[in-house]
Amino acid sequence: MDNSSSLRTIIIGLLALASIAVYGPNINAETHYRPHISIGAKAGMTFSNMTFSPSVKQGMKQGMTAGVAFRYAEEKNFGLIAEVNFVQRGWQEDFEETDFIYKRQLTYIQIPLLTHVYFGGRRFKGFLNAGPEIGFLIGDHVTSNFDYRNPEKVEGFPIQNRTLEQMSMDISRKFDYGITAGLGCEFYIRPRHSIVLEARYYFGIGNIFPDKKKDVFSASRGSSIIVTLGYNFRLR
């Protein structure tokens, strides 16, 4: 089973367990729940890398994210979230014990559509978010202290057993898609005002480089850990 299949299985399993926990005891109970609608904004940090095949020596690249969210809760412990986020992703090459630097920042507008399962009291709630996400590349920036287009000509460059093509290749696919899931908590400072802390993982399925048999890479997809702090206001 590949990584994408494994992640999908985990997310489906988590949602199934959450649904059983929320709805199982009340399946025959009559409920009277007024739908809640909230809007919010958030900002935070991203820690990203890429899955390349053949592999590339790399570390996590740090970036920023910010966005707005719309949340609709129809049932007592279940809702839906739509977001529009500005996200900095990419990767940072690992040159081991040398002083060479190569960082590639890929900036996206990303739109996740999430299932929102929550639990807790009036002042504090925990939650699980999970669902698909699409994105569009709006920026591509390289930071380097050497000629990354001709690294074989750079004195002292660690070229042995290293994939080089990704440093100078253009991004051929600006549209991105994947799966995201996160855990978090929400603190209500007033009945309609809350602070939201969330840690989320994004697993990209789409490749940024061509992936046919004749191409260099068969896989070139991104992944990110995202930590955000946000504010929500309940409209009703």
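For the structure, see preceding data.
All values derive from a computational prediction rather than experimental measurement.

J.: What is the right way to look at the nonpolar core in this model?
T.: Taken as a class, soluble globular proteins show a tendency for nonpolar side chains to be buried jointly. Counting 20 residues, the largest nonpolar core has Trp91, Phe146, Phe157, Met167 and Ile208 as the members making the most contacts within it. Going through the elements one at a time, β1 (36-53) and β5 (102-120) are the ones with two or more residues in this core. The element best represented in this core is β5, accounting for 3 residues. Each residue touching isoleucine 208, except ones within four places of it in the same chain, is listed here: Met50, Trp91, Leu106, Tyr108, Ile171, Ser172, Arg173 and Ser220.

J.: What is the right way to read the pattern of salt bridges from this model?
T.: Pairing is possible between side chains of opposite charge, provided their charged atoms come close. Counting across every chain of the model gives 8 salt bridges. For aspartate 211, the salt bridge goes to arginine 173, with nearest N and O atoms at 3.1 Å. With aspartate 211 in the loop between β8 (193-204) and β9 (219-234) and arginine 173 in the loop between β6 (124-144) and β7 (175-190), the pair connects residues that are 38 residues apart, well separated along the chain. A residue is classified by how much of its surface remains accessible, and arginine 173, at 32% relative accessible area, is partly exposed. Measuring nitrogen to oxygen at the nearest pair gives 2.8 Å for the salt bridge that ties arginine 200 to glutamate 198. For arginine 200, a relative accessible area of 6% gives the class buried. Members of the salt-bridge network, linked through shared partners, are Lys42, Glu83, Glu198 and Arg200.

J.: What's the story with the environment of phenylalanine 187 in this structure? I'm lost.
T.: Take phenylalanine 187: it is sitting in strand β7. When the C-alpha atoms of phenylalanine 187 and lysine 125 are compared, they prove to be 6.7 Å apart, with 62 residues separating the residues in sequence. Sequence-distant contacts of phenylalanine 187, that is, excluding residues within four places in its chain, are made with Arg123, Phe124, His193, Ser194 and Ile195.

J.: For this particular structure, what's the right way to read the pairing of β9?
T.: It is a general feature of regular strands that their side chains alternate between the two faces of the sheet. Alignment of β1 against β9, held across 16 bridges, turns out to be antiparallel. Residue phenylalanine 52 lies in a different strand from β9, and its bridge partner there is serine 220.

J.: Just to check I follow, could you spell out the pairing of β1 for this structure?
T.: Pairing analysis gives 13 bridges linking β1 to strand β3 (residues 61-75), with the strands arranged antiparallel. Paired with isoleucine 39 across the two strands is phenylalanine 70, which belongs to β3.

Rules behind the numbers
Residues numbered from 1 in each chain as written. Predicted model: local features only at pLDDT ≥ 70, side-chain atom pairs only at ≥ 80, totals over all residues. Heavy atoms only, no water. Core = buried A, V, L, I, M, F, W, Y, C linked by side-chain atoms within 4.5 Å. Buried < 20%, exposed > 50% of the residue type's maximum accessible area, 1.4 Å probe, protein only. Helix = DSSP H or I, 4+ residues; strand = E, 2+ residues; numbered from the N terminus. Contact = heavy atoms within 4.5 Å. Salt bridge = Lys/Arg side-chain N within 4 Å of Asp/Glu carboxyl O. Pairing = 2+ DSSP bridges.

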